[in-house]
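The lines below spell out each chain.
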Amino acid sequence: MPSPEDLAPLAPAMTAWRRDIHAHPELGFEETRTAALVAKELREAGIEVTEGLGGTGVVGTLRGKGSSGGGNRAIGLRADMDALAMGEVTGLPYASGAPGTMHACGHDGHTAMLLGAAKWLARNPGRFSGTVHFVFQPAEEGLGGADRMIREGLFETFPVDAVYGLHNMLDMPVGSIAVPRSRALASADTWEAVFTGKGGHGARPHLAADATLAAAQFITALHSIVARNIDPLQSGVVSVGHIAAGDAKAPNVIPAKVVVRGTARAFRNEERALLERRILAIAENTAATHEVTVEARYIHGTPPTVNHAEQVQVALRAARATVGEALVDDDPEPITPGEDFAFMLLERPGAFAFIGMGAPRHPEGYQHNPHYDFNDEILAHGAAYWCSLVEAELG
C-alpha cells in the first residue's frame, strides 16, 4: 500500500492548494472559489466531476482498472471545505484575506489531502478495481452540509458500500492515525430559553416579576442534569454559551426579558433525548416557580458520530500499512465536539479517523482559535492513508 514517501512528490502541490484555500476562506454554502479549484484539479487529473450537489459540493468519480478485489464495489471518501466566521491573527504570509473568516479547523488541509489522493489514484488506476467517489462537502461547521448533500441524492447518485472521513488532531504525534472502535464524536445540539417577566426599578423588586432571577436559577439547575440524571457510566455535556438581558447603561433596571442559549452533547441517543427532556422541563418549572413565562426550545444539530466495526478494521489495516503499527491508535477516547459526517454514517457503513498534527505552533493555536494553522508536514501522510484505504477496500 502507498506510503507517505510515495505521495511526497505531490506534497508541494498539496501545500500550494492548502495555502491558497487558507488565504481565501469561505463560509458554509459559500465555497464557490474552493469548489472551483477542486473541480479544476480533478478534471485535469481525468476524474469525472459533478458540481453543485448540496449547493457548493463537488464529487469526483474515479473507476479503477485493476483486475482483483473491489470488482463492482464503490466507496466514498469525504473532505470538508468550509471555514469559520472568525478573524485570523497568525500573521502568516498566506493568512486569510477575508476579514472575519478563517480556516481555523483544518478543512483547507482536509481538502488538499483528498485532492492529492485523487490525483495519485488517477495516475495509478491499476492498483484498485471498483469505484471511488471523492466527496468534497460544504458547510460542515454547524450548517448541515452533509445532511443537505444526502437529501439532494448523494448516495442515490453515487452509491457506495462504505464511506470514510478524516480529521486533523493536535497533540497526536505527527502523521499518526487514530480510529475509534465505535463512538468517535458527540452529538452537537443547541438549546434556548427566553424568560419574560415584568421589568421594574431595581430598588423596588417587589413590583417586578424578575426574569433575571429565574434565568439564574435555571442556569444553576442545568448543571444537575449530568450530575444527577445521567448514568455515571455514560456522559453528557450541558454548557451555557450566551446570556443577554438589560442594558449596560441602566444597571438599576430589572429587565423584562432574559435570553439564555447553550450547547448540549452526548455520545448516545438515550442521553441526547434525556438532555432535551430535562433542559426543557427545568426551564418550564423554573419559570413557574418565579411567576414568569418562558419559551424554551431544543434544536437538534448533528447526531453522534459512531463508527461501524467492519470499516474500523479496514481503516486500521490501511493506517498500519501507511504509517506503521507504532503510529496507529486503535482505541482512542471519543471526544465531545460534533462532526456532521455523522449523517453519512447513519446512511452507509463507514469509519471516521483522526490524523496527528503534533503540538500547535502557537500555545493557543488549537482548532477554532484565531492562532490555529494546519501542519503541512502531514499532507503526504493523510493523502497516503486515503490511497491505502482505497487499496484496502478495492485492491
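Residues numbered from 1 in each chain as written. Predicted model: local features only at pLDDT ≥ 70, side-chain atom pairs only at ≥ 80, totals over all residues. Heavy atoms only, no water.

A.B. asks: I tried to follow the environment of Ile243 on my own but got confused; where do I start?
C.D. replies: In this fold, Ile243 is placed in strand 10 (residues 236-245). Assessed through its relative accessible area of 53%, Ile243 is described here as exposed. Distance from Ile243 to Leu274, taken between C-alpha atoms, is 23 Å for residues 31 residues apart in sequence. Among residues more than four places away in sequence, those in contact with Ile243 are Ile219, Val258 and Val259. (Helix = DSSP H or I, 4+ residues; strand = E, 2+ residues; numbered from the N terminus. Buried < 20%, exposed > 50% of the residue type's maximum accessible area, 1.4 Å probe, protein only. Contact = heavy atoms within 4.5 Å.)

A.B. asks: What should I look at first to understand the packing of helix 3 (residues 32-44) against helix 4 (residues 107-123) in this one?
C.D. replies: Angle between the axes and distance between the axes: these two values describe a pair of packed helices. Where helix 3 meets helix 4, the axes come as close as 9 Å, and the angle between the chain directions of the two elements is 15°. It follows from the interaxial angle that helix 3 and helix 4 lie roughly parallel. Relative to helix 4, the crossing made by helix 3 is right-handed. Residue-level inspection shows Leu37, Val38, Glu41, Leu42 and Glu44 of helix 3 in contact with helix 4, the latter providing Thr111, Leu115, Ala118 and Lys119. By residue class, the composition of the contact of helix 3 with helix 4 is five nonpolar, one polar and three charged. (Axes fitted to C-alpha atoms, helices over the stretch in contact; angles between N-to-C directions. Parallel < 35°, antiparallel > 145°, perpendicular 65-115°, else oblique. Left-handed = near helix turned anticlockwise from the far one by under 90°. Nonpolar A, V, L, I, M, F, W, Y, C, P; charged D, E, K, R; others polar.)

A.B. asks: Any chance you could explain the layout of surface pockets here in plain terms?
C.D. replies: The probe, sized like a water molecule, is rolled over the atoms to show the empty space still left. Of the voids in this model, the largest pocket is the one considered here, and its volume is about 650 Å³. Along the wall of the largest pocket there are 30 residues; nearest its centre are Glu140, Glu141, Ala188, Gly338 and Glu339. For the lining of the largest pocket, the secondary structure elements donating two or more residues are strand 5 (162-169), strand 8 (188-196), strand 12 (257-266), strand 13 (293-302) and strand 16 (350-356). Its residues placed into classes, the lining of the largest pocket shows 12 nonpolar, 12 polar and six charged. (1 Å grid on protein atoms, 1.4 Å probe; cavity = no way out; pocket = protein on both sides within 12 Å on 5 of 7 lines; lining within 4 Å. Points joined across faces, edges and corners; volume = space filled by probe spheres on them.)

A.B. asks: Help me understand helix 3, please; the structure alone is not making it clear to me.
C.D. replies: For the α-helix, the turn length of 3.6 residues means that residues three or four positions removed from each other point alike. If you check helix 3, its first and last C-alpha atoms are 18 Å apart, about what 13 residues at 1.5 Å a residue would give, namely 18 Å. Taken together, the buried positions of helix 3 are Thr34, Ala35, Leu37, Val38, Ala39, Glu41 and Leu42. Turning to helix 3, the residues buried within the fold contact helix 2 (11-23), strand 1 (48-53), strand 2 (57-63), helix 4 and strand 4 (131-137). A positive backbone phi angle near 85° is found at Gly46, which sits one or two residues after helix 3. (Expected span 1.5 Å × (residues − 1).)

A.B. asks: Sorry, what's going on with the nonpolar core here?
C.D. replies: Across soluble globular proteins, nonpolar side chains show a tendency to be buried alongside one another. Judged by nonpolar contacts, the single largest core of 62 residues is most densely connected at Leu77, Phe134, Phe136 and Tyr385. In terms of residues, this core owes the most to one element, helix 12 (residues 379-394), which gives 11 residues. When neighbours within four sequence positions are excluded, Leu77 is seen to be in contact with Leu114, Val132, His133, Phe134, Val135, Tyr164, Trp386, Leu389 and Val390. Phe195, Ile225, Val238 and Ala283 belong to the second largest nonpolar core, which has 26 residues in total. (Core = buried A, V, L, I, M, F, W, Y, C linked by side-chain atoms within 4.5 Å.)

A.B. asks: Where do I start with the sheet that holds strand 10 in this structure?
C.D. replies: Picture the strands of a sheet paired through backbone hydrogen bonds; they go either parallel or antiparallel. Pairing is antiparallel across the open sheet formed by four strands, whose spatial order is 10-12-8-13. Sheet topology places strand 10 and strand 13 at the edges, where each strand pairs with a single neighbour. In this sheet, neighbouring strand axes are inclined to one another by 15° on average, regardless of whether the strands run parallel or antiparallel. Note that strand 10 and strand 12 share nine bridges and pair antiparallel. From the neighbouring strand, Ala244 faces strand 12, where its bridge partner is Val259. (Pairing = 2+ DSSP bridges.)

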